[in-house]
Amino acid sequence: MRMNELTRYFDKYADFDAIGERIDALQDRLSKLRDNLPDVPVRKIRDNLPSYRNVRSRLPYAQKPRNYTLPAALAVGGVAILGAIIVTAVVMSDAYKKTPKKNEDMI
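Everything quoted here is computed from the prediction, not taken from an experiment. (Residues numbered from 1 in each chain as written. Predicted model: local features only at pLDDT ≥ 70, side-chain atom pairs only at ≥ 80, totals over all residues. Heavy atoms only, no water.)

1. Here's the deal with the overall build of the protein chain
To keep things clear, this is the line we draw: Secondary structure elements follow DSSP: runs of H or I of four or more residues count as helices, runs of E of two or more count as strands, with numbering from the N terminus. Computation of the radius of gyration draws on C-alpha atoms alone. For the globule rule, the value is 2.2 Å times the number of residues to the power 0.38. Between buried and exposed lies partly exposed: a residue is buried under 20% and exposed over 50% of the maximum accessible area for its type, with that area taken using a 1.4 Å probe on protein chains only. Under the convention used here, a 1.4 Å probe and the Shrake-Rupley method define accessible areas, while residue burial counts only the protein chains that appear. For the purpose of charge, His is not counted, nor are the chain termini; Lys and Arg are scored as positive and Asp and Glu as negative. Here the site of a charge means NZ on Lys, CZ on Arg, CG on Asp, or CD on Glu.
Helices and strands together make up the secondary structure of the protein chain, namely five helices and zero strands. What you see for the protein chain is a C-alpha radius of gyration of 34 Å, clearly larger than the 13 Å of a compact globule of 107 residues, by over 25%. Taking the principal axes of its C-alpha atoms as reference, the protein chain extends roughly 95 × 60 × 20 Å. Relative to its 107 residues, the protein chain shows a buried fraction of 1%. In the form shown here, the protein chain has an accessible surface area of approximately 11,100 Å², with 60% of it arising from carbon and sulfur atoms. The distance from the centre of the 19 positive side-chain charges to the centre of the 13 negative ones in the protein chain is 12 Å.

Here it is as structure tokens:
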């Protein structure tokens, strides 16, 4: 399609009035939200927020020490899968080799 055909097609199906109304509504909502926000410097808000360590220490699952069984099992399983793939590739590459029928052919 050429550019003028694309613009005609886009103008036919795009309702610019509705898009403009939605943008105006979003800007109104943003201005209302800004009006409701307190006028506090960011530094004061940041000082009142708890640190990551404090939040993590309050989580119920964070009380236990970490267990490394699952990552170790996944690593061992990955190595086993890779080994199986390699062994299968080696066996399949040897499967189609011709074997001599007599001992004389081997010489």
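2. Looking at a nonpolar patch on the surface
Our working rule: Nonpolar side chains (Val, Leu, Ile, Met, Phe, Trp, Tyr) within 5 Å and like charges within 9 Å form the patches, drawn only from residues with over 30% relative accessible area and no salt bridge. Salt bridge criterion: a side-chain nitrogen from Lys or Arg within 4 Å of a carboxyl oxygen from Asp or Glu.
Together, Phe10, Phe16, Ile19 and Ile23 give the surface a local cluster of nonpolar side chains, amounting to about 400 Å² of exposed area. Mapping Ile23 onto the fold places it in helix 2 (residues 16-36).

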